[in-house]
Amino acid sequence: MAHYAFLNTNNIVTEVIVGKDETDTTHNWEEFYGEIRNQTCKRTSYNNNIRANYAGIGYTYDSTNDVFYAPQPYASWTLDTDTWQWVCPLTYPDDDKMYHWDEDVYQADNSKGWILNE
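Structure report, in brief. (Residues numbered from 1 in each chain as written. Predicted model: local features only at pLDDT ≥ 70, side-chain atom pairs only at ≥ 80, totals over all residues. Heavy atoms only, no water.)

Notes on the pattern of salt bridges
Then comes step 1: Scanning the model with the defined rule gives four salt bridges in all.
Then comes step 2: Notably, a salt bridge pairs Glu15 with Arg37, separated by 2.7 Å at the nearest N-O pair. A residue pair is termed long-range when its members are at least 10 positions apart, and Glu15 in strand E2 (residues 13-19) and Arg37 in helix H1 (residues 29-37) qualify at 22 residues.
Then comes step 3: Classification of Glu15 by relative accessible area gives partly exposed; the value is 31%.
Then comes step 4: Of the charged contacts, one joins Arg51 and Asp66 as a salt bridge, the two residues approaching to 2.7 Å between their closest N and O atoms. Highlighted residues: Arg51 in the loop between strand E3 (40-44) and strand E4 (60-62) and Asp66 in the loop between E4 and strand E5 (67-69), separated in sequence by 15 residues.
Then comes step 5: What you see here is one network of salt bridges that share partners, running through Glu30, Arg51 and Asp66. (Salt bridge = Lys/Arg side-chain N within 4 Å of Asp/Glu carboxyl O. Helix = DSSP H or I, 4+ residues; strand = E, 2+ residues; numbered from the N terminus. Buried < 20%, exposed > 50% of the residue type's maximum accessible area, 1.4 Å probe, protein only.)

Okay, structure coming up:
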């Protein structure tokens, strides 16, 4: 069993399906599914062992680097092109408490952004 992502014309994932495993070599399954839907189709993996990340709806497919990555969660976060994960501008607090990110707080004072959950 393998998973395949369908892309729109902007290389954004619109759907992910379960399909034939590529060990079944009777077809190039990306091409096969792509032709059926008349859309670009790319294989994705739960194990993140191909194309960096498991594709989800709304993810971007970067054809130059042959990877999927999630939508940018906040304007201040940057994409790490080694891991293809979004990186926060401030380190998460290391005090065993739970925090959430507040972009407005960060934009007002770039030394703050992690807010303690209450």
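Once you've had a look at it, read on.
Considerations on the side chain of His3
Then comes step 1: When you line up the elements, His3 lands in strand E1 (residues 2-7).
Then comes step 2: Among residues more than four places away in sequence, those in contact with His3 are Val16, Ile17, Val18, Lys42, Arg43, Thr44, Tyr46 and Tyr54. (Contact = heavy atoms within 4.5 Å.)

Observations regarding the environment of Gln85
Then comes step 1: Relative to the elements of secondary structure, Gln85 occurs in strand E7 (residues 85-87).
Then comes step 2: Taking the C-alpha atoms as reference points, Gln85 and Pro71, separated by 14 residues in sequence, lie 9.7 Å from one another.

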